[in-house]
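Here are the chains, one letter per residue:
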Amino acid sequence: MSGEDAALLARARAVIPNGVFGHRRSFAFTATQMRTIPEDYPHFVAGARGCRFSDADGQPYIDYLCGYGPMVSGYARAEVDAAFTAQQARGVCHSLPSPVEVALAEALVARHPGMAWSACSQSGTDAIDVAIAVARAHTGRAALVVAHGAWHGNHVNLAFGAGRVAQEQGQVRRIAWGDVAALADALAREPVAAVLLCPYDQQVGAANALPPAGHWAQVRALCDRHGAALVLDDIRAGFRLDPRGSAAHFGIAPDLHCLSKALANGYPVAATLGSAAMLAAAQRVFVSGTFWGLAPALAAALANLELLDAAACAHMAAMGTRLCDGLQALAARRGLELAISGPPALPLVGFAGDHEHALACAFSEAMARRGVLLHPTHNWFLSLAHTPADIDETLERAEAALAALPAGR
Ligand SMILES: Cc1ncc(COP(=O)(O)O)c(C=O)c1O
């Protein structure tokens, strides 16, 4: 960090809590660790295009965080931004829904097998709020079952920490992701409104295990037996694994399916999709927001969906595999072993045995100094804008970064 970044950070610290508020303040975070961004890491983005951005000092970076997921088609992607601008010329926030809202709902329902309707909102948290309200209205129950370490946004029952009231968590039971016996136990113990799960274990800082064969059929059967709604939080992985959504990809048959992040390539759009059986409950709940249905953002989402086909998902998987295989080989040459988990399009990359993430932090810092933005404990994201040349350039820089690690040999 130098010049402009340092000056901005000093100004920010005077008027913004911690200078950087929320998750962009955290460089490393897990259940046991919270580290703010190191001083020599970039704090502000001045501009971005494709898979690269420039920080406030004009330093360029190859970005593997993609805005924590939304940037899936590339920063400043022409087709998406043109759709936004064209719709913007007709007004931004209207008093009634825009035709584009209907078109987006049609497109989302057509893509996601088993889903009959779509309600749009703005953020992942919104999509979860809607799903929980619908599940509770449908079942007449309150309790939720979620996985340990899962992040589902700021829903009042699910977020924790300073300023949160413990009683609000009272309706939430936590089980280990993938523990079918614990799920059966939780469902047998009391009436549950919703089982809310990500398509695979997406914890930060812990291996991102994929579902074993037959897992989701067992979860579905348990929900059916006990009358609980199955809510899929596909907010992080959605549109990167499969154009039909992660439900079709993993053979999940959810009652409610939550999407956001990559839906509109950075514009704030979310959607809660539901099965026909959930429609009556969805028609009864009132959950809303002044800026939900912002027409230009919805138009951007529609244009973005045009780009997210099977070839797009295959590209992201191929780029992630090229990156992870390359890093693994470079690390092995230095006597280091990487711990790589999760799908290749959004891999979690750490070092084997690096329980406190010290090596991962040192590697991320060394990569930032060489113009590559990574995260030491959160999964990375690939995009359509990452090319084989970008990956190979990243690997060249990784070779130097690994050599500079304290453990490097
Ligand atoms: C799996 C998952 N669910 C929900 C959310 C919440 O989304 P948002 O931050 O848009 O409210 C996130 C955000 O990181 C997420 O990763």
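So, a few notes on the structure that sits alongside this text. (Residues numbered from 1 in each chain as written. Predicted model: local features only at pLDDT ≥ 70, side-chain atom pairs only at ≥ 80, totals over all residues. Heavy atoms only, no water.)

## Some points on the overall build of the chain
If you tally the helices and strands in the chain, you get twelve helices and 15 strands. Over its C-alpha atoms the chain spans a radius of gyration of 21 Å, differing by no more than 12% from the 22 Å that the globule rule assigns to 409 residues. Expressed as lengths along the three principal axes of its C-alpha atoms, the size of the chain is roughly 60 × 55 × 45 Å. Among the 409 residues that make up the chain, the fraction classed as buried is 51%. (Helix = DSSP H or I, 4+ residues; strand = E, 2+ residues; numbered from the N terminus. Rg over C-alpha atoms; globule rule 2.2 N^0.38 Å. Buried < 20%, exposed > 50% of the residue type's maximum accessible area, 1.4 Å probe, protein only.)

## A word on the packing of helix α5 (residues 180-189) against helix α6 (residues 215-226)
Two measures define how a pair of helices packs: the angle their axes make with one another and the distance between the axes. Look at α5 against α6: their axes get within 10 Å of each other, and the N-to-C directions meet at 10 degrees. Of the possible angle classes, the one that applies to α5 and α6 is roughly parallel. Where α5 approaches α6, its residues V180, L183, A184, L187 and A188 are matched on the opposing element by H215, Q218, V219, L222, C223 and H226. The residue makeup of the contact of α5 with α6, split by class, is eight nonpolar, three polar and no charged. (Axes fitted to C-alpha atoms, helices over the stretch in contact; angles between N-to-C directions. Parallel < 35°, antiparallel > 145°, perpendicular 65-115°, else oblique. Contact = heavy atoms within 4.5 Å. Nonpolar A, V, L, I, M, F, W, Y, C, P; charged D, E, K, R; others polar.)

## Topic: the site of the ligand
For the ligand, the full set of nearby residues is S123, G124, T125, W151, H152, G153, C198, Q202, D233, I235, R236 and K261. At a separation of 2.8 Å, an oxygen atom of the ligand approaches a polar backbone atom of G124. Measuring from a nitrogen atom of the ligand, one finds a backbone N or O atom of W151 at 3.2 Å. A total of 390 Å² of accessible area belongs to the ligand in isolation, and the protein chains cover 83% of it. Partitioning the shell around the ligand into residue classes produces three nonpolar, six polar and three charged. (Near = heavy atom within 4 Å. Polar contact = N/O pair within 3.5 Å; in protein donor to acceptor, adjacent residues only side chain to side chain. Areas by Shrake-Rupley, 256 points an atom, 1.4 Å probe, with all protein chains shown as cover.)

## Re the environment of L336
By the element assignment, L336 lies in the loop between α10 (310-333) and β13 (338-341). A residue is classified by how much of its surface remains accessible, and L336, at 12% relative accessible area, is buried. Along the sequence, L336 and L402 sit 66 residues apart, while their C-alpha atoms lie 9.1 Å from each other.

## Topic: the packing of aromatic side chains
Inspection of every chain in the model, using the stated rule, returns seven aromatic pairs. Aromatic side chains F53 and Y61 sit 4.9 Å apart centroid to centroid with 10 degrees between the ring planes, which places their arrangement in the stacked category. Look at Y61 and you get buried, because its relative accessible area is 7%. Seen from their ring centres, W177 and W216 are 6.0 Å apart, and the 70 degrees between their planes marks the pair as edge-to-face. One end of the pair, W177, is in the loop between β8 (172-175) and α5; the other, W216, is in helix α6, and 39 residues separate them in sequence. We classify W216 as buried; its relative accessible area is 4%. (Phe/Tyr/Trp six-rings, centres within 6.5 Å; stacked < 30°, edge-to-face > 60°.)

## Examining the sheet that holds strand β12 (residues 270-274)
If you trace the seven strands from one edge of the open sheet to the other, you get β6-β12-β11-β10-β9-β7-β8, paired in mixed fashion. The outermost strands of the open sheet, each flanked by one partner alone, are β6 (117-121) and β8. In this sheet, neighbouring strand axes are inclined to one another by 20 degrees on average, regardless of whether the strands run parallel or antiparallel. Here strand β7 (residues 143-147) runs beside β8; their pairing, made up of four bridges, is parallel. Bridge pairing in β8 places V145 opposite R173. (Pairing = 2+ DSSP bridges.)

## Digging into the side chain of Q202
By the secondary structure assignment, Q202 is in the loop between β9 (192-197) and α6. Excluding residues that lie within four positions of it along the chain, Q202 makes contacts with N208, R236 and A237.

## Regarding the nonpolar core
Formed by 62 residues in total, the largest nonpolar core has its most connected members in Y64, L108, F351 and F363. When residues are assigned to domains, this core turns out to be shared by domain 1 (3-72 + 310-403) and domain 2 (78-307), each giving three or more. Once residues within four sequence positions are removed from consideration, F351 is found in contact with L336, E337, L338, A339, L359, A360, F363, L402 and L405. Formed by 24 residues, the second largest nonpolar core is a distinct cluster that contains A194, L196, M278 and W292. (Core = buried A, V, L, I, M, F, W, Y, C linked by side-chain atoms within 4.5 Å. Domains from an automatic or database assignment.)

## Observations concerning the pattern of salt bridges
Where charged atoms from two side chains of opposite charge come close, those side chains can pair. Taken as a whole and judged by the stated rule, the model has 14 salt bridges. Between D242 and R244 there is a salt bridge; the shortest N-O distance is 2.7 Å. By relative accessible area, which is 7% here, D242 ends up buried. For R244, a relative accessible area of 41% gives the class partly exposed. Measuring nitrogen to oxygen at the nearest pair gives 3.3 Å for the salt bridge that ties R333 to E399. One end of the pair, R333, is in helix α10; the other, E399, is in helix α12 (residues 388-403), and 66 residues separate them in sequence. (Salt bridge = Lys/Arg side-chain N within 4 Å of Asp/Glu carboxyl O.)

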